[in-house]
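Take a look at the letters that make up each chain.
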Amino acid sequence: MSEGDRDGGIDRRSFLKGAAAAGAAAGMTIAAAAEPKPKAAPDPGDANWAGAKFIPRPGSDFMLDVIKSLDIDFVAANPASSFRSLHESIVNYGGNRKPEFLTCMHEESSVAMAHGYAKAAGKPMAVLAHGSVGLQHAAMAVYNAWADRVPVLMFAGNGMDAAKRRPGVEWAHSTQDPAALVRDFVKWDDQPASLQHFAESTVRAYKMMMSPPREPVLIAVDIDLQEEPIHEDKLSIPKLSLSAPPQADERALREAAKMLVAASNPVIIADRCARSQEGVDALVRLAETLLCPVVCTGNRMNFPSTHYLNLSENRLSLVREADLILMLEVQDPWGMLHGLGDPWKDVRRVAKPEVKVIQITLADFMMKSNYQDFQRFQPADLAISGDAQTSLAPLTEAVKRELSGTRAAALAGKADALRKRHAGMKERLRADAALGWEASPVTTARLSAELWNTIKGEKWCLAVSDRIAWPKRLWPTSRFHHMLGGSGAAGVGYSAPGAVGAALANRDRGILTVTLQPDGDLCYAPGVLWTAAHHRIPLLIVMYNNRGYVQEVMHLQRMAGLHQRDPKTAKIGTMIYDPEVDFAKIAQGFGVWAEGPISDPNALGPALARALKVVKGGAPALVDVVCQLR
Amino acid sequence: MRTLVIFVVAMAGALFAGAAVAQDKAPAGSPERGHKLFVELNCYSCHGTHGQGGGRGSEPKISRPVMPWSAFIGLLRRPPRDMPAYTQKWVGDQDVADIYAYLASLKPAPAARDIPLLGQF
């Protein structure tokens, strides 16, 4: 809309103000019936109404066309006036399908839902937020997604033209540079000045976001660009062609293969290596070719727990024995080889001094410096830049070429010992899980065993798999979707919305989603329960309710011990009781079926079975279980 | 360096104690009072109410079998790793004896092979 248009008639904003004034006048008429009837307000639907102007094709319609071209199924948002036109385009022009608008109660929930969804679906969700207060709310969840290497397509509404901002709140909700809030932990951002600019930048952002390392991106969407009529006659949407993931250099992989074949005790550590079943299968082929034990850190399901080469729970002893360690997209290589005492910060070297390290990672492409999620620097004997998942197949072929008949026979001889070690690890874990079996509150091992017993007949996914270690230790995982890892940056508040997002992705794939939900995490933004209920997202939420921020209890105790002061006070500021939170009531208040609190371990199985029935009917359900603290 | 010394001393103490189990008799203690202290002192936050250890692998089990008395009190006074030290000032020897008595009184957990749910894994 040109300035002349504004001067010459009633623009859309003035019209809305006028309509509001007319509504207010009508209200007064009702209140004062005895007074003379005022002149009837013009019918806003009457195109002949003098001065009336309409915008049948706003810029936001074209923006939606662009978003649709990217095959986005959902857009999560807490509603906000800075993207009201795009919101309206989604629900009317787009028919609220592909993308469907997901009503969220907090921007942090919107982004965390998109985060969990992307890991389960293998494709991104879009998020809308105010460019100021909305992004401020969203920021921690964006950082989690950044640290977890997960794509999120974010749009931030913003009023760029100060001369057109409505007085008051619209100024408070506008910024010069919305992306400045999150630029340290998004891969790319832009604030387009035209619709064509929007189309090109959004497609570019999507393309960059999906190239490993995958990360969130942000496009600021100007209010006027959304709301004004489409002027450009020759708008076009660029074709999306995703870049092939960067495979590691062939010569470097040959060198890695030589080192792996020559090693006596190699170990593979896989962190954020796999992003699909293809990655899991490729890692199995490499490990079997080398007869090499694998440690899966748990941030992704990289390697089946049922496979005898999975010795994840023996990580320390494997690292201690290793003469060569292959690290696949490991975020903290130094931490794999060392420990650091607390509070004395004494370095505890775990690995042998002479151990060789090969890293295959895209860490060198994470070119941000403010936030320190890149961890302590660890030199490698062979550092290879490349996407680990994509590089596994050529590495395996290179290993096969290096394996002589004699060496292959020697490796095959290791199989029995590795099978025995795997069996011994499992036996030890079962024995440990039995400890406190009848305890009340329920042990986390018992909780995990009971939950597995409930879902074992289903095609399942544990949406957040790092809050309790027992499922990773006990449950038989074989598919990438079985366990999706955690938040990335340990920013509290991810678990509940992350699980809801994963459950949404799994809903149409026939996968039952379950999650072990920490109580402190759910207290951050419990409104996501309503979102799950409203959008009929089936999710079995089992509370890991230890009534506290328990990790912090230990920190307080450590400080008290260090200062030689009273250790009993560690509960102050760390525990959540007096009153105890009733999560079943909270869930019921948000429209979610719920039971609990349950402290008796023998009551758990039947409650989980009842909840499963609800979830299989297509709705979320919550069982509040009072647990041991760890 | 200081931590290394503490670690060596504590471990030596523990090993010595382990070698002298037969002579290692704990003072008499009250399991009931020990249970109360176990909760008040937040021991349960890492080690579990039954001393079963934590679910994250960094919180060791401390019951069944309970370690010898001298090792127990030695580790509590001068823990070798990340556990905070509990000094005489706040936890007297009788308090430790009561906690020890509580842990020793706990009913052993069933063996994993006797728990059908665990047989699935």
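Values in this document were obtained by computation on a predicted structure and should not be read as measured data.

(A) Representation of the packing of helix α11 (residues 277-290) of chain A against helix α14 (residues 388-402) of chain A within the structure. Residues and elements named next belong to chain A. Here α11 crosses α14 at 20°, and the two axes come no closer than 9 Å. With respect to their mutual orientation, α11 and α14 come out roughly parallel. The two elements α11 and α14 cross, and the hand of that crossing is left-handed. Residue-level inspection shows Glu 278, Gly 279, Ala 282, Leu 283, Arg 285, Leu 286, Thr 289 and Leu 290 of α11 in contact with α14, the latter providing Gln 389, Leu 392, Ala 393, Leu 395, Thr 396, Val 399 and Lys 400. A per-class count over the contact of α11 with α14 returns eight nonpolar, four polar and three charged.

(B) Region of interest: the sheet that holds strand β16 (residues 540-545) of chain A. Residue and element names in this part refer to chain A. Spatially, five strands are ordered β14-β15-β16-β18-β17 in an open sheet, and the strand pairing comes out parallel. Each edge of the open sheet is held by one strand with a lone partner, namely β14 (460-462) and β17 (593-598). Within the sheet, the average angular offset between the axes of one strand and its neighbour, ignoring direction, is 15°. Alignment of β14 against strand β15 (residues 512-518), held across three bridges, turns out to be parallel. Within β15, the position partnered with Cys 461 by the bridge is Thr 513.

(C) Here's a closer look at unusual backbone geometry. All names here are of chain A. Each neighbour pair has its own omega, and for Asp 578 with Pro 579 the value is 5°, a cis peptide bond. As for its placement among the helices and strands, Pro 579 is situated in the loop between α22 (550-562) and α23 (583-589). Between Gly 596 and Pro 597 the backbone carries a cis peptide bond, its omega angle lying at 5°. Along the chain, Pro 597 falls in strand β17. Phi is positive for Arg 547, which is not a glycine, with a value near 55°. By the element assignment, Arg 547 lies in the loop between β16 and α22.

(D) Here's a closer look at the sheet that holds strand β3 (residues 126-130) of chain A. Residue and element names in this part refer to chain A. Ordered by their spatial adjacency, six strands build an open sheet running β2-β1-β3-β4-β6-β5, and the pairing between neighbours is parallel. Across the chains shown, the open sheet's two edge strands, defined by having one partner strand only, are β2 (100-103) and β5 (188-190). Here the average twist between neighbouring strands, direction ignored, is 25°. Relative to strand β6 (residues 217-222), strand β4 (residues 153-158) runs parallel, the two being bridged by six bridges. Bridge assignment links Phe 155 to a residue of β6, and that residue is Ile 219. Strands in contact with helix α4 (residues 84-93) are β1 (74-77), β2, β3 and β6; relative to β2, the strand with the most contacts, it is inclined by about 120°. In the packing of helix α6 (residues 133-147) onto the sheet, the strands contacted are β3 and β4, and the crossing angle to β3 comes to about 130°.

(E) Broad picture of the environment of Asn 602 of chain A. Residue position: Asn 602 of chain A is located in the loop between β17 and α24 (604-616). Along the sequence, Asn 602 of chain A and Lys 239 of chain A sit 363 residues apart, while their C-alpha atoms lie 57 Å from each other.

(F) Layout of the interface of chain A and chain B. Contacts between the two partners involve 42 residues from chain A, matched on the other side by 35 residues from chain B. At the level of secondary structure, the elements contributing two or more residues to the side of chain A that touches chain B comprise α16 (415-434), α17 (444-455), α18 (470-474) and α22 of chain A. Ranked by the residues each element gives to the side of chain A that touches chain B, the list is headed by α22 of chain A, at eight residues. Looking at the side of chain A that touches chain B, its residues break down into 22 nonpolar, nine polar and eleven charged.

(G) Region of the structure containing the confidence of the model for chain B. Residue and element names in this part refer to chain B. When pLDDT is averaged along chain B, the result is 81, and 79% of the positions lie at 70 or above. Predicted confidence is poor over residues 1-23, with pLDDT under 50, and the contacts of this stretch with residues over four places away or in other chains come to 27 contacts. The ipTM assigned to the predicted complex is 0.83, against a pTM of 0.90.

(H) Representation of α4 of chain A. Residue and element names in this part refer to chain A. For α4, the complete set of buried residues consists of Ser 85, Leu 86, His 87, Ser 89 and Ile 90. Along its buried surface, α4 packs onto α3 (59-69), β1, β2, β3, β6 and α9 (223-227). Trailing α4 by a residue or two, Gly 95 shows a phi angle of about 65°, which is positive.

The rules behind the values
- Residues numbered from 1 in each chain as written.
- Chains lettered and ligands numbered in written order.
- Predicted model: local features only at pLDDT ≥ 70, side-chain atom pairs only at ≥ 80, totals over all residues.
- Axes fitted to C-alpha atoms, helices over the stretch in contact; angles between N-to-C directions.
- Helix = DSSP H or I, 4+ residues; strand = E, 2+ residues; numbered from the N terminus.
- Parallel < 35°, antiparallel > 145°, perpendicular 65-115°, else oblique.
- Left-handed = near helix turned anticlockwise from the far one by under 90°.
- Contact = placed C-beta atoms within 7 Å.
- Nonpolar A, V, L, I, M, F, W, Y, C, P; charged D, E, K, R; others polar.
- Pairing = 2+ DSSP bridges.
- pLDDT = per-residue confidence, 0-100.
- Buried ≥ 20, exposed ≤ 12 C-beta atoms within 10 Å, placed from the backbone.

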